[in-house]
Structure formats: structure tokens, C-alpha cells
Amino acid sequence: MDAIPNVVVLGRGAVGTLIAVLLAKAGVDVIRLSSRPGSGVVVLQTGNELRSAQVHEMRGLSVLASTSVACVIVALKVPQLVHLLPMVVQHCRPGLPVILPQNGLLKWSFPAFSNVPIHHVIADVSVGLERPGHAVLHSMGGFLSHVSLLDGMSRDLAIPMQSLGFRGVSAHEFWVAQRVKFLRSTTGARMAVENLSIGQAFASERVRMDLAAIVKEGTHVLVAAMSDCKLSRDLSDAASRLISPVRDGLPAARDHAPLDQAFTSLHRDLLRHRYPTEVQWLNGYISDLGRKLCIPTPLNDCLLEIVQRMEELGQTPFDVAGDNSIGSRMKQVFAAHHAQRLADATSV
């Protein structure tokens, strides 16, 4: 195989760490942008397996003008991406591909830049057991599953992405996968408000019912907004496959002890007072679209209101997990929803 040019990774969170380590282990020369320049070992734990890789850390964006760089992977949350993406593109040499590992967000419309191509990939990962120098990475379904739209990518770009386990898919498959990941992401607020880890959430039948209801509500709105019958049918089928393990529990996940200490991204943002959170791009998107289509979305409305209220008050999941007005109101809204659904089913 020919030598693979450098890949620059911007983002020190879960996805950025995952990509940097796995690329480095695949033989790619990785440069991670950091305020602490130098070289260091990044440690990644997947399940019970520890892996380490050597990466170079550099300060600033000037490296993006180098002809030795094959691509830049911008693994940032949307609030930071909105601010930093134009700056990144401004420093890129003409034609340098920019890869955005989304977690399925739909509301943020990525701007078109004339001098660089923007590629979207979906990275499906959650994190727990964080401590200095370590990132423990899990996905709620199959571990570390990824899909990527590789059509039209150059060979130099496709090689490092394929070494990560990303695979080429059609635009149709990518469209469905993006929305399924989006629907899964909308459940994070429910777990965060009650201060639950992923393992704790899936161990509770009551919470699993709530998570399944959130996915169903979001699916109903997204499908109603479509005019393509095949897309709507495929999304409905994919969402049903997502709901089944959520509703029935995930035996493999429950047996995997670290999930009891793995929390959602939104939970960590609230805990560390990193505002704004992504709730407005997740549950807020479903609420906005539901209003436009005149479809009630009480569950997403409730979660959006609660999380934004927590942001205003500077409250953490620990603050609202008890029997207070915020936590109690959320439980009441979900209980009323389930009671109404049961009554509707009984009357049929």
C-alpha cells in the first residue's frame, strides 16, 4: 500500500479520540489539533481491551494548508461546529476534504463552501468511565458501528476512512441511517434528566417504555414530512428495529458492566455546564417540525423545555434527579402519554 498522507483530527471528545486512535493503529500519521502541542500516547478502551496509539499534537489551524494532509476530520458538537467550521475552511488549502462525523443531527444545515468538499459520515458511539487519558467507548447496539457515504471520495481519503471500519453506502442508505441515529440521539435527554446511565436506563422497564415512545413520536413526525414512499417505509422499518431492543431490553448491553457507568453526551454536557447543549437540534427539531405539520409532540416538547430550563438555572442531572418539580413534571407527562396510548388501544 502506498504511504497514506497525514490526517488531521479536530476534537478531543469521544468521536475524535476514537478516530485518532484507530487511524493511528491502522498506520495513518495522525495530527490532532490541541492547545498542548507535542507527541503523546492516546489510550482507548473498548470493552475490556486497552489500546494505545501515538499521535502528534499541534496548535492552530495553519497545518491545514499543507499539501501533505489528506483530509481534516472535524469531530465537534454542533454548537462548536457552527462557530469553528468557517474558520477551519478558511485555513484549508483548496480542495482539502473536510469530514464531519455527525451523530445524526438534521437541523444544522452545513453551509456549502466553494473551495473545499464537505463529506458527512455517521459515527455511532457513546462514552463512559472517563478519566484522564482514557476514553471508554461503547455503542448502544453493535459496538463501534459506523456508516459513511464514500461515493466520490478520493483514494487517499477513502483508505483512512475504510481503515476505521467505515463502509460505502448509497445515498438512500445514508439518509435512513442518519435519521435512525438522530432518533436514537433524541432519547439522551430522557436519561440525562433522571441522571441515568445507559445501563440503568435499559434495566428499567418504565424508562425503556419512555425511550421507545420518544422514538415513535419522532418517527411519526419524520415520516409525515416525507413525500417519498420508499424512504418513509424504509425509515419506519429501521425505526421499528431500533425500538424493539429498546422496548424489550438489551441482554448483551445489560451483561456488559461498563454500560452502568456510561452516560449520554447530553448528560455530560449538563454535568459540566457546557451550554448550549444539542437539545435544540435534537428534541427541538422534532418539536418545530411537529408544529409545522400540526402533529402533537408532547414528549419532545417536555424534554426540550426541561433541558433548556436546566441550562438557564445551571442545574445538573444530580440536581433534578430527585422528586422535585422538574423531575416530577417529566414523569407526569410520560405517564399521561402511556395512559392515553393504553386507553386508545383498549377502545379499538
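For the structure, check the block above.
Definitions and cut-offs
- The written sequence of each chain sets the order in which its residues are numbered from 1.
- Reporting of local features is limited, given that this is a predicted model, to residues whose pLDDT is at least 70; pairs of side-chain atoms are given and counted only at 80 or more, and all residues count toward the totals for whole chains, interfaces and linings.
- Hydrogens and waters are ignored; side-chain quantities use all the structure's heavy atoms.
- Here a helix means four or more residues in a row that DSSP labels H or I, a strand means two or more in a row labelled E, and each is numbered from the N terminus.
- When accessible area is computed with a 1.4 Å probe and restricted to protein chains, residues below 20% of their type maximum are described as buried, those above 50% as exposed, and intermediate ones as partly exposed.
- Throughout, a residue-residue contact means that at least one pair of heavy atoms, one from each residue, lies within 4.5 Å.
- Accessible surface area values rest on a Shrake-Rupley calculation with a 1.4 Å probe, where residue burial reflects the displayed protein chains alone.
- Expected span of a helix: the number of residues minus one, times 1.5 Å.
- In this scheme, the bend at a residue equals the angle between the axes fitted to the seven residues that finish there and the seven that begin there.
- Salt bridges are defined by distance alone: a side-chain nitrogen of Lys or Arg within 4 Å of a carboxyl oxygen of Asp or Glu.
- Nine residue types can take part in a nonpolar core, namely buried Ala, Val, Leu, Ile, Met, Phe, Trp, Tyr and Cys, and a core is a set of them joined through side-chain atoms within 4.5 Å.
- Only strands that DSSP links by at least two bridges are regarded as paired with each other.

**Q** Whenever I open this one, the overall build of the chain confuses me. Can you help?
**A** For the chain, the helix and strand inventory stands at 14 helices and 11 strands. Residues counted as buried form 54% of the 348 residues belonging to the chain. Of the contacts formed within the chain by residues at least 6 apart in sequence, a portion of 68% connects residues at least 24 apart. As displayed, the chain has an accessible area near 15400 Å², and 54% of this comes from carbon and sulfur atoms.

**Q** It is not clear to me how unusual backbone geometry should be interpreted in this structure. Could you clarify?
**A** Outside of glycine, negative phi angles account for most residues, and trans bonds account for most peptide bonds. Each neighbour pair has its own omega, and for Tyr275 with Pro276 the value is -5°, a cis peptide bond. Take Pro276: it is sitting in the loop between α10 (265-271) and α11 (283-293). The backbone phi angle of Asn195 is positive, close to 60°, even though this residue is not glycine. Mapping Asn195 onto the fold places it in the loop between α5 (188-193) and α6 (198-202). A positive phi angle is found at Cys294, which is not glycine, with a value near 60°. For Cys294, the position within the fold is in the loop between α11 and α12 (298-313).

**Q** Got a minute to help me understand helix α2 (residues 78-91) in this structure?
**A** For an α-helix, 3.6 residues make a turn, and residues three or four places apart therefore share a direction. Over its 14 residues, α2 runs 20 Å from end to end, which matches the ideal 20 Å to within 8%, given 1.5 Å per residue. In α2, a bend of some 45° at Leu84 exceeds every other bend along the element, and Pro86, a proline, comes one to four places later. Among the residues of α2, Val78, Pro79, Leu81, Leu85, Val88 and Val89 are the ones counted as buried.

**Q** Please clarify how helix α4 (residues 171-185) should be interpreted in this entry.
**A** For α4, with 15 residues, the first-to-last C-alpha span of 21 Å sits near the 21 Å given by 1.5 Å per residue. Every buried residue of α4 is listed here: Phe174, Val176, Gln178, Arg179, Val180, Lys181, Phe182, Leu183, Arg184 and Ser185.

**Q** Is there a simple way to explain the pattern of salt bridges in this structure?
**A** For the structure shown, the criterion picks out 9 salt bridges. Of the charged contacts, one joins Asp269 and Arg274 as a salt bridge, the two residues approaching to 2.8 Å between their closest N and O atoms. We classify Arg274 as partly exposed; its relative accessible area is 36%. Between Glu312 and Arg309 there is a salt bridge; the shortest N-O distance is 3.2 Å.

**Q** What should I look at first to understand the nonpolar core in this one?
**A** If you look at soluble globular proteins, the nonpolar side chains tend to sit buried side by side. If you look at the biggest cluster of nonpolar residues, it comprises 27 residues, and the most contacted ones within it are Leu211, Ile306, Val307 and Met330. Elements with a minimum of two residues in this core: α5, α6, α7 (205-224), α10, α12 and α14 (325-347). The greatest single-element share of this core, amounting to 7 residues, is contributed by α12.

**Q** Sorry, what's going on with the pairing of strand β5 (residues 69-74) here?
**A** A regular strand places its side chains so that they alternate between the two faces of the sheet. Along β5, 6 of the 6 residues are buried, which leaves the element largely enclosed by surrounding structure. Across 5 bridges, the pairing between strand β1 (residues 6-10) and β5 is parallel. The residue of β5 that forms the bridge with Val8 is Val72.

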